[in-house]
Amino acid sequence: ISGLRDLSVGADTVGYRRQYLQIATQSWAECFRMFEKVYVEGDGKDPGYTLLVKIFQIFNLDYRCFLFFVAIIFTGSMAVWIYRNSTMPCMSFLIYSILFYSFYSITGIRQTIATALIVFVGYKFVRERKLLPFLLIAAIAFTIHKSAAVFIPYYFIANFELKPIWIGICSLLGAAFLIFRQRLYVPIMLLLTYDEEQAESVSMPGSTFTFTFLMLGVIVLTFLVYPFVNKRRSDARFLYNALIMAAIFVLMTMQNQGFMRVQQYYSLFVMLAIPEIIQSMDKKYRSLIYFAIAGAMVVMFITTRPSYRFFWQ
């Protein structure tokens, strides 16, 4: 579905095609020179993506094939991540289809590749506490989309025990972003290569309310069932520390909508959280709750009527 989409599907699909054709005319020297221009001279962004496209074009110049290539990288790595870490893989795939599909499979390309690397591949090294492989993956993802840097701190906090002092520190951090707002938002946004106008833009009140309410609701419910999850899973802290980061970044979207692209690195963990909520329920009601949630998401998907066209239409 992602690979067969028309160029009109997705806000950036046409723009990426234009860039793809432009890279085909560049020399290898120009592609490597971009790293110096970006990281030394401060001109341009994401040279790793240009190099990746140039390498792909050795084998195939067709943009349609590149769309399939990106889709396979992301969907394949996500599938492995889900099957290794989710207690209900089918539910996790359904959650992805409803909440994240429109971005990762339709709109984004650079961030889609970066997310596949640093979240789905990097999570394995986080769990195994292998710092150097994780940093290598993070460095590659960073050159493809600079926002991947927000996931690097997760390695160092993922193994923290959920003690009151740690929860308190995270709560104070979330409160600081709500109180100081732009004074903290703008430096982070500029670090992630958003221009000054985007960095200082403030969301209209309530513009991300539905998404924020949904995400925070899932996170709160997951914390309410923590005793059950922790008893069943020895690695529960990895999930919960990711959800803590997700909660902080989701709150930021209420004031600056630019954080919608940033928070997704952590919000993907709700694909693992909702199955844990269902598993914590009494066995007598578990199936009913499962199908009620699945049914509600299917209805949500149908009512949103996502715009789609195949490339031959």
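Placed above this text is the structure.
Residues numbered from 1 in each chain as written. Predicted model: local features only at pLDDT ≥ 70, side-chain atom pairs only at ≥ 80, totals over all residues. Heavy atoms only, no water.

**A few points about the nonpolar core**
For soluble globular proteins, the rule of thumb is that nonpolar side chains tend to be buried together.
1) Next: By size, the foremost hydrophobic cluster in this structure holds 69 residues, and its most contacted members are Met91, Ile118, Phe151, Tyr154, Tyr265, Phe269 and Met271.
2) Next: Per-element accounting of this core gives the leading share, 14 residues, to helix α15 (residues 236–252).
3) Next: Sequence-distant contacts of Tyr154, defined by excluding residues within four places in its chain, comprise Tyr123, Val126, Phe238, Leu239, Asn241, Ala242, Tyr266 and Phe269.
4) Next: The next biggest cluster of nonpolar side chains, apart from the first, holds 13 residues, and it includes Tyr20, Ile23, Val53 and Tyr63. (Core = buried A, V, L, I, M, F, W, Y, C linked by side-chain atoms within 4.5 Å. Buried < 20%, exposed > 50% of the residue type's maximum accessible area, 1.4 Å probe, protein only. Helix = DSSP H or I, 4+ residues; strand = E, 2+ residues; numbered from the N terminus. Contact = heavy atoms within 4.5 Å.)

**Notes on the pattern of salt bridges**
1) Next: In this structure the tally under the stated criterion is 10 salt bridges.
2) Next: With its nearest N and O atoms 2.0 Å apart, the salt bridge here joins Arg110 to Asp46. Of this pair, Arg110 sits in helix α7 (residues 110–127) while Asp46 sits in the loop between α2 (28–39) and α3 (47–59); the two residues are 64 residues apart in sequence, bridging distant segments of the chain.
3) Next: Residue Arg110 is classed as buried on the basis of its relative accessible area, which comes to 14%.
4) Next: As a salt-bridge pair, Lys124 and Glu128 come within 3.0 Å of each other at their nearest N and O atoms.
5) Next: Residue Lys124 is classed as partly exposed on the basis of its relative accessible area, which comes to 33%.
6) Next: The network of salt bridges with shared partners includes Arg127, Arg232, Arg233, Asp235 and Glu276. (Salt bridge = Lys/Arg side-chain N within 4 Å of Asp/Glu carboxyl O.)

**Points about empty space enclosed by the protein**
Where empty space is left becomes clear once a probe the size of a water molecule has been rolled over the atoms.
1) Next: Enumeration over the complete set of coordinates arrives at one cavity of 30 Å³ or more.
2) Next: One number sums up the size of the largest cavity: a volume of about 80 Å³.
3) Next: Residue lining of the largest cavity: Ser2, Arg5, Leu67, Val70, Ala71, Phe74, Thr75, Tyr104, Ser105, Gly108, Ile109 and Thr112, and that is the complete set.
4) Next: Elements with a minimum of two residues in the lining of the largest cavity: α4 (63–85) and α6 (101–107).
5) Next: It is α4 that contributes the most residues to the lining of the largest cavity, five residues altogether.
6) Next: The residue inventory of the lining of the largest cavity, partitioned by class, reads six nonpolar, five polar and one charged. (1 Å grid on protein atoms, 1.4 Å probe; cavity = no way out; pocket = protein on both sides within 12 Å on 5 of 7 lines; lining within 4 Å. Points joined across faces, edges and corners; volume = space filled by probe spheres on them. Nonpolar A, V, L, I, M, F, W, Y, C, P; charged D, E, K, R; others polar.)

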